[in-house]
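# Structure at a glance
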Amino acid sequence: MDFEEAARRHQRRVYTFAHYFLGNREEAEDVTQEVLLRLWRHCDHLEEVMVEAWLLKVTRNACFDLLRRRRLPAHSASSIELLTHEPASREPSPEDQAEDASLSRQLRKALNELEEPYRSALILREIQDLAYHEIATILELPLNTVRVHIHRGRQRLREHFKEAYGDAATH
Amino acid sequence: VTQRPTDPAMTCAEIEGLLEPFVDDELEAAEAAALRSHLAECPACSAELALAERIRTGLRTLPELDPSPSILERVRAQAAAESAKVVPLVRPFRPARAVRRWVIPAAVAAALAGLLATTLLLRFQRPAPSPTTAEVQAAEQQARYALAYIGRATRQASLTLRDDVLEKRVVLPTALSVERPLDPRPGLILEHHLTKGT
């Protein structure tokens, strides 16, 4: 497998997962660099069909290692930052934009405070749009467990929103 | 407080756990129908459903992100540095296997042979004068040297021989066997050893 081609194709996947998982851009870059270096070391033994799952599994492990090294919870208010790479896929009204930005920020914060494995499951499913069976491979869990984790993760976000924003969350 | 339906087919608590699968369109048709009829009568659960949908939509609109363009260059540089690194061929010192195979048994055999020769020599020197305590101590010291040599050879072979085991199982029995040809008085070395030990 060609390293350059694989790295170009998958670096976005790796960085996105690390960024939402860690809630910190610099650390996500460090993890991405480390993971791509591992890809370079192992690319002779990897097949293209399995490389994405392998990369995401390695990325998740690297995120855990980083959290262990900094010996802090995976979230902190200061680590939540504005994402500067958000593409504008449509032309929303200023009101929509304000509401979207607010919801997006709240969701990133809530996601960053969500415990594992719900956080990984939601990032992979809802943000990275992976299929259940792909997530099951990455998380090494049965398919039905993945499904339950995704539902339960979103349910926890819903509870978080109600706690944080009261009645305003449901209206 | 929002008024709950008086006689719903499903309770609000039951609905609570079904909202996310409902949003994902993963409920059985009958279950989805029951949920819909409950929602039609229950504004609180409808509001929960709206929040569940908002969260799902919100998550799905969070974008995938690009790392900084320099990241691949940094990885390439690291990879190049790693490729250029010369792996040193220095290994920890270990004697060649062929040498290891005979050195240690030979050392042990030589030490034992020395000990045996000394014992026989002393036995055939008759009439043996009664040894003094100093001579007994010297003999014991020699035995200790020989055993220490064996112990060192054994340690080289990575065998751990605890001191207390060495003392009880090797030193004392050997000392006693040396004592017999040296002195007709039994127990002298043992007594000496025990006195020293206390």
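This text goes with the structure placed above it.
Anyway, here's the lowdown on the structure attached to this text.

Basis of the calculations
Residues numbered from 1 in each chain as written. Chains lettered and ligands numbered in written order. Predicted model: local features only at pLDDT ≥ 70, side-chain atom pairs only at ≥ 80, totals over all residues. Heavy atoms only, no water. Contact = heavy atoms within 4.5 Å. Salt bridge = Lys/Arg side-chain N within 4 Å of Asp/Glu carboxyl O. Polar contact = N/O pair within 3.5 Å; in protein donor to acceptor, adjacent residues only side chain to side chain. Helix = DSSP H or I, 4+ residues; strand = E, 2+ residues; numbered from the N terminus. Nonpolar A, V, L, I, M, F, W, Y, C, P; charged D, E, K, R; others polar. Buried < 20%, exposed > 50% of the residue type's maximum accessible area, 1.4 Å probe, protein only. Phe/Tyr/Trp six-rings, centres within 6.5 Å; stacked < 30°, edge-to-face > 60°. Axes fitted to C-alpha atoms, helices over the stretch in contact; angles between N-to-C directions. Parallel < 35°, antiparallel > 145°, perpendicular 65-115°, else oblique. Left-handed = near helix turned anticlockwise from the far one by under 90°. Core = buried A, V, L, I, M, F, W, Y, C linked by side-chain atoms within 4.5 Å.

### Focus: the interface of chain B and chain A
The interface is formed by 34 residues belonging to chain B together with 45 residues belonging to chain A. Counting across the chain B and chain A interface gives twelve salt bridges. Here B:Glu48 and A:Arg158 are joined by a salt bridge, their closest N and O atoms 2.5 Å apart. For the pair chain B and chain A, the number of links is 23 residue pairs in polar contact (both at pLDDT 80 or more). Those elements giving two or more residues to the side of chain B that touches chain A turn out to be helix H2 (19-23), helix H4 (43-61) and helix H5 (71-84) of chain B. Split into classes, the residues belonging to the side of chain B that touches chain A amount to 16 nonpolar, five polar and 13 charged.

### Re the pattern of salt bridges
Evaluation of the coordinates by the stated rule reveals 24 salt bridges over all chains. Here A:Glu4 ties to B:Arg76 by a salt bridge, and the two come within 2.7 Å at their closest N and O atoms. Taken together, the residues A:Glu4 in helix H1 (residues 3-22) and B:Arg76 in helix H5 connect one chain to another. By relative accessible area, which is 32% here, B:Arg76 ends up partly exposed. Each of A:Glu126, A:Arg154, B:Asp24, B:Arg56 and B:Arg60 takes part in one network of salt bridges that share partners.

### A few points about the environment of A:Ala164
Turning to its location among the elements, A:Ala164 is positioned in helix H7 (residues 143-165). Here the alpha-carbon distance between A:Ala164 and A:Ala110, two residues 54 residues apart in the chain, equals 9.6 Å.

### A closer look at the side chain of A:His151
Note on placement: A:His151 falls in helix H7. Given a relative accessible area of 10%, A:His151 falls into the buried group. Side-chain polar atoms of A:His151 contact the side chain of B:Glu26, separated by 3.1 Å.

### Observations concerning the packing of aromatic side chains
How two aromatic rings sit relative to each other is given by the distance of their centres and the angle of their planes. All names here are of chain A. For the structure shown, the criterion picks out two aromatic pairs over all chains. Arranged with centres 5.5 Å apart and planes meeting at 25°, the rings of Phe17 and Phe21 form a pair that is stacked. Note that Phe17 and Phe21 are positioned in helix H1 at a spacing of four residues, about one turn of the helix. Look at Phe21 and Phe64: their rings are 5.5 Å apart centre to centre, the planes differ by 90°, and that puts the pair in the edge-to-face class. Here Phe21, found in helix H1, pairs with Phe64, found in helix H3 (residues 48-70); they are 43 residues apart in sequence, far enough to count as distant. Overall, Phe64 belongs to the partly exposed group, its relative accessible area being 23%. Chaining the aromatic ring pairs together yields one cluster made of Phe17, Phe21 and Phe64.

### Some thoughts on the packing of helix H3 (residues 29-41) of chain B against H4(B)
Residues and elements named next belong to chain B. It is at 6 Å that the axes of H3 and H4 come closest, and there the two elements cross at 115°. Between H3 and H4, the angle falls in the class roughly perpendicular. The hand of the H3/H4 crossing is left-handed. Taking contact as the criterion, the partners of His38, Leu39 and Glu41 in H3 are, on H4, Pro43, Cys45, Ser46 and Leu49.

### So, the nonpolar core
Residues A:Leu22, A:Val31, A:Leu39, A:Leu111, A:Leu124, A:Leu157 and B:Leu59 are the most contacted members of the largest nonpolar core, which totals 56 residues. The leading source of residues in this core is H1(A), at ten residues. Ignoring sequence-local partners within four residues, the contact set of A:Leu124 consists of A:Phe17, A:Leu56, A:Asp129, A:Leu130, A:Ile135, A:Ile138 and A:Leu139. Of all hydrophobic cores here, the second largest spans 15 residues; its members include B:Met10, B:Ile15, B:Leu18 and B:Leu19.

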